[in-house]
Protein chains: 2
Amino acid sequence: MSEDIIREESMVDLWNVWYSELHQGRAGLTLKVKQVIYSGQSPFQRIDILETYEFGRMLVLYGSIMITEKDEFVYHEMISHVPLFTHPNPRRVLVIGGGDGGTVREVLKHPEVEQVTLVEIDQMVVEKCKEYFPQVACELDNPKTRILFQDGAQFMAETDEKFDVILVDASDPIGPAEVLFQKNFHQNIYNRLNEDGIMVTQSESPWYHQRTLRRMYENLRSIFPLVRIYWAYVPTYPSSIWSFTLCSKKYHPIKDFKADQYRELGISTNYYNAGIHQACFVLPNFIKKAILNRV
Amino acid sequence: MSEDIIREESMVDLWNVWYSELHQGRAGLTLKVKQVIYSGQSPFQRIDILETYEFGRMLVLYGSIMITEKDEFVYHEMISHVPLFTHPNPRRVLVIGGGDGGTVREVLKHPEVEQVTLVEIDQMVVEKCKEYFPQVACELDNPKTRILFQDGAQFMAETDEKFDVILVDASDPIGPAEVLFQKNFHQNIYNRLNEDGIMVTQSESPWYHQRTLRRMYENLRSIFPLVRIYWAYVPTYPSSIWSFTLCSKKYHPIKDFKADQYRELGISTNYYNAGIHQACFVLPNFIKKAILNRV
């Protein structure tokens with residue numbers, strides 16, 4: 001090289017990539033991205049896996065954060081342990097969605113569970129999570145785990161199997177998971193639960209998605225005798241607060257909470273504990289007003 | 001005009017301004033800004049008031065969100081009602097910081113309070129909040145409110161007054177509020193509390209600022225006989241979860257909770273309620289592990 005190349009910048013890092021997930025294009029979370037690990041298209045949706053500086057590896061489906069390494073524990077513990085420490089003998093568990101495997105991992109911390117069936121529409125999600133999130137997908141090859149690559153709504157309409165606990169670990173009500181928020185699907189779940197069965201569905205943000213939550217709550221109350229909303233703090237979900245709706249044919253999540261079994265089992269959790277099992281059902285007034293019409 | 005001006009854009013809105021508050025420059029909240037209402041410099045700090053699309057009007061001190069119209073209720077209710085529904089007869093209340101007036105507004109919902117003293121270092125914050133946040137600053141001219149424009153740490157070191165409840169409504173431990181997180185200040189608070197007094201201080205994010213919270217907790221435990229951390233979901237604060245630390249000489253926030261008085265008083269709140277008063281002290285495991293070294 002005969003001539004020096006003069007650069008204006010000295011030693012600056014020119015890679016300055018941000019992932020932002022916005023609510024109605026006007027507010028949201030923004031994360032600095034270290035690296036794009038994978039971007040592809042399955043038959044059902046766009047799949048991206050990014051490495052972020054603050055939350056580690058992150059799975060994004062159709063532009064919406066599903067899990068991050070650093071905070072996935074909250075959602076997966078809360079959708080699983082609340083119903084499984086309520087039902088006295090959850091032997092057969094069904095997970096609709098949840099292809100990342102985090103919910104299955106938590107379900108299998110319960111020794112009474114004989115089989116967990118995962119019905120995931122998108123095989124590529126499972127494959128990519130096994131490859132890039134091994135600590136989340138770690139129980140997908142467990143002999144107790146049965147995976148069916150099938151539309152969850154269609155499975156619920158056609159199966160004649162019965163379950164003790166059904167967990168609806170759906171993505172958002174846009175994209176392939178839309179049917180998993182509809183009343184017909186919830187009626188089918190009721191029909192496929194044993195007579196003392198419990199269902200929990202994720203039910204979106206009680207801060208940003210109050211109309212969705214309210215409609216789901218009203219639909220579910222017309223199907224199940226006991227319906228209770230609970231919530232958790234999830235840093236990377238829209239608004240960072242997330243709701244779950246528990247629907248039960250018989251058992252009460254507080255009165256029938258298996259506190260002794262929780263203590264004896266000594267499972268390792270990073271959010272859930274015996275106090276949280278009860279406190280999570282206590283709703284701030286803004287949620288009560290918006291969803292229940294009372295304080 | 002003899003010639004047409006050709007523009008590349010058709011009817012697009014070219015104002016596309018975003019306010020982002022980042023944790024360590026790599027993750028945070030981003031808000032679309034409708035308008036900058038005020039920007040100025042007081043003797044102590046930069047003050048900005050922005051109109052955001054999602055959270056309404058917003059007060060920013062030295063680049064850090066203090067309040068927004070839409071979610072300020074959470075912080076102000078939670079710093080106030082937890083101690084004031086614990087102390088049986090809170091007549092004299094002191095607020096350190098809190099120049100926006102939101103904490104004073106909540107304190108004065110308690111009829112036993114005879115006087116609330118606000119010690120705010122920055123007179124311009126009070127003036128601007130009276131002008132731009134009248135629904136927050138609404139009780140600053142109440143005859144029960146006494147405002148002193150003075151350094152809070154200096155006031156605590158020099159006063160010989162005594163208080164039933166002291167609320168440390170400080171901004172972050174960078175900038176003018178740094179001394180309000182130090183042990184010497186907390187010892188002075190202990191000395192100026194009556195023998196059955198209670199102090200609550202905001203204690204930063206239990207997700208992002210665990211070292212700060214842990215150090216505060218340990219310092220406070222060396223001063224007060226009873227120290228309890230509680231938390232709330234605050235959408236626009238860093239990580240959207242916030243902690244408060246309650247320090248008491250005599251009363252226990254759960255055992256001495258005035259549930260009857262809460263019901264009789266019928267105050268209007270949008271987050272706090274009798275269930276939250278108790279549930280907010282239940283900590284997720286990740287907080288227990290980081291701060292208390294146990295689950």
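Where an unreviewed UniProt entry is consulted, chain A appears under the name Polyamine aminopropyltransferase, with the organism given as Syntrophothermus lipocalidus. Its UniProt record, at the heading Pathway (unreviewed entry), says of chain A: "Amine and polyamine biosynthesis; spermidine biosynthesis; spermidine from putrescine: step 1/1." Quoted verbatim from the Catalytic activity (unreviewed entry) field of UniProt, the annotation for chain A is "S-adenosyl 3-(methylsulfanyl)propylamine + putrescine = S-methyl-5'-thioadenosine + spermidine + H(+)".

A. Representation of the sheet that holds strand E10 (residues 193–202) of chain A. All names here are of chain A. A sheet is described by the order of its strands in space; here seven strands give the open sequence E8-E7-E6-E9-E10-E12-E11, paired in mixed fashion. The two strands at the open ends of the sheet, each matched to only one other strand, are strand E8 (145–149) and strand E11 (226–233). Along the sheet, successive strands turn relative to each other by an average axial angle of 15°, direction set aside. Relative to strand E12 (residues 241–248), E11 runs antiparallel, the two being bridged by eight bridges. Opposite valine 227, over in E12, you have cysteine 247 as the bridge partner. Contacts from helix H5 (residues 183–192) reach strand E6 (92–97), strand E9 (163–169) and E10 within the one sheet, and its direction differs from that of E10 by about 145°.

B. Main features of the packing of helix H6 (residues 210–221) of chain B against helix H9 (residues 285–292) of chain B. All names here are of chain B. Where H6 meets H9, the axes come as close as 9 Å, and the angle between the chain directions of the two elements is 60°. Judged by the inter-axis angle, H6 sits oblique to H9. For the crossing formed where H6 meets H9, the hand is right-handed. Contacts between H6 and H9 pair Gln210, Leu213, Arg214 and Tyr217 from the former with Phe286, Lys289, Ala290, Ile291 and Leu292 from the latter.

C. Representation of the UniProt feature "domain: PABS" (unreviewed entry) in chain A in the model. UniProt records the feature "domain: PABS" (unreviewed entry) for residues 16–249 of chain A in the present numbering. As annotated, residues 16–249 of chain A comprises 25% helix and 38% strand, and the C-alpha atoms at either end are separated by 52 Å.

D. Highlighting the interface of chain A and chain B. Facing the 41 residues of chain A at the interface are 41 residues of chain B. Between chain A and chain B, a total of about 3,300 Å² is buried, with carbon and sulfur atoms accounting for 60% of that surface. Viewed at the interface, chain B and chain A are joined by two salt bridges. With a shortest N-O distance of 2.7 Å, A:Arg26 and B:Glu54 are connected by a salt bridge. Going through the elements one at a time, strand E1 (17–23), strand E2 (27–41), E11, helix H8 (274–279) and helix H9 (285–292) of chain A are the ones with two or more residues in the side of chain A that touches chain B. Broken down by element, the side of chain A that touches chain B gets its largest block of residues, six residues, from E2(A). Pairing analysis gives five bridges linking E2(A) to strand E2 (residues 27–41) of chain B, with the strands arranged antiparallel. Bridge pairing in E2(B) links A:Gly28 to B:Thr30.

E. Just the domain arrangement of chain A, in detail. Residues and elements named next belong to chain A. Per the domain assignment, the segments making up chain A are domain 1 (17–68) and domain 2 (72–292). Each of domain 1 and domain 2 has a C-alpha centre, and these two points are 23 Å apart. Both faces considered, domain 1 and domain 2 share a buried interface measuring about 2,100 Å² in area, 69% of it formed by carbon and sulfur atoms. Interface area lost by domain 1 to domain 2 is led by Phe44, Tyr62 and Ile67, which between them contribute 27%. One can count zero salt bridges joining domain 1 with domain 2. For the pair domain 1 and domain 2, the number of links is eight residue pairs in polar contact (both at pLDDT 80 or more). Secondary-structure elements contributing two or more residues to the side of domain 1 that touches domain 2 are E1, E2, strand E3 (46–52), strand E4 (56–61) and strand E5 (64–68). Among the residues forming the side of domain 1 that touches domain 2, the class breakdown is 15 nonpolar, six polar and two charged.

F. Highlighting a positive patch on the surface. Judged by side-chain charge, A:Arg221, A:Arg228, A:Lys255 and A:Arg294 come together as a positively charged surface patch. Assignment of secondary structure puts A:Lys255 in the loop between E12 and helix H7 (259–265).

G. Layout of the side chain of A:Thr86. Residue and element names in this part refer to chain A. Of note, threonine 86 is situated in the loop between helix H1 (72–84) and E6. The exposure class assigned to threonine 86 is buried, which follows from its relative accessible area of 1%. Here the side chain of threonine 86 touches valine 82 through a polar contact of 2.7 Å, landing on its backbone oxygen. Once residues lying within four places of it in the same chain are set aside, the contact partners of threonine 86 are Ile198, Tyr251, His252, Pro253, Asp256, Lys258 and His277.

H. Structural view of the pairing of strand E6 (residues 92–97) of chain B. Residue and element names in this part refer to chain B. Most of E6 sits inside the fold, with five of its six residues counted as buried. Pairing analysis gives five bridges linking E6 to strand E7 (residues 115–120), with the strands arranged parallel. In the strand pairing of E7, valine 95 is matched with leucine 118. This β-α-β element, E6 to helix H2 (residues 102–107) to E7, shows right-handed connectivity. Summarising the sheet, E6 and strand E9 (residues 163–169) pair through five bridges and their orientation is parallel. Bridge pairing in E9 places leucine 94 opposite isoleucine 166.

I. Looking closely at the sheet that holds E6(B). Residue and element names in this part refer to chain B. Read from one edge of the open sheet, seven strands run E8-E7-E6-E9-E10-E12-E11, paired in mixed fashion. Strands at the two margins of the open sheet, each flanked by one partner only, are strand E8 (145–149) and strand E11 (226–233). Strand-to-strand twist in this sheet, taken as the mean axis angle between neighbours without regard to direction, amounts to 15°. Examined bridge by bridge, E9 and strand E10 (residues 193–202) share five bridges and lie parallel to one another. Its bridge partner being in E10, valine 165 is matched across the sheet by isoleucine 198. In the packing of H6 onto the sheet, contacts are made with E10, E11 and strand E12 (241–248), and the angle to E11 comes to roughly 150°.

Quick notes on the rules
Residues numbered from 1 in each chain as written. Chains lettered and ligands numbered in written order. Predicted model: local features only at pLDDT ≥ 70, side-chain atom pairs only at ≥ 80, totals over all residues. Heavy atoms only, no water. UniProt positions renumbered as here; feature names shortened; annotations may be inferred. Pairing = 2+ DSSP bridges. Helix = DSSP H or I, 4+ residues; strand = E, 2+ residues; numbered from the N terminus. Axes fitted to C-alpha atoms, helices over the stretch in contact; angles between N-to-C directions. Contact = heavy atoms within 4.5 Å. Parallel < 35°, antiparallel > 145°, perpendicular 65-115°, else oblique. Left-handed = near helix turned anticlockwise from the far one by under 90°. Buried area = accessible area lost by both parts, 1.4 Å probe. Salt bridge = Lys/Arg side-chain N within 4 Å of Asp/Glu carboxyl O. Domains from an automatic or database assignment. Polar contact = N/O pair within 3.5 Å; in protein donor to acceptor, adjacent residues only side chain to side chain. Nonpolar A, V, L, I, M, F, W, Y, C, P; charged D, E, K, R; others polar. Patch = residues over 30% accessible without salt bridge, like charges linked within 9 Å, V, L, I, M, F, W, Y side chains within 5 Å. Areas by Shrake-Rupley, 256 points an atom, 1.4 Å probe, with all protein chains shown as cover. Lys, Arg positive; Asp, Glu negative; His and termini not counted. Charge placed at Lys NZ, Arg CZ, Asp CG, Glu CD. Buried < 20%, exposed > 50% of the residue type's maximum accessible area, 1.4 Å probe, protein only. Right-handed = clockwise from strand over helix to strand, strands pointing away.

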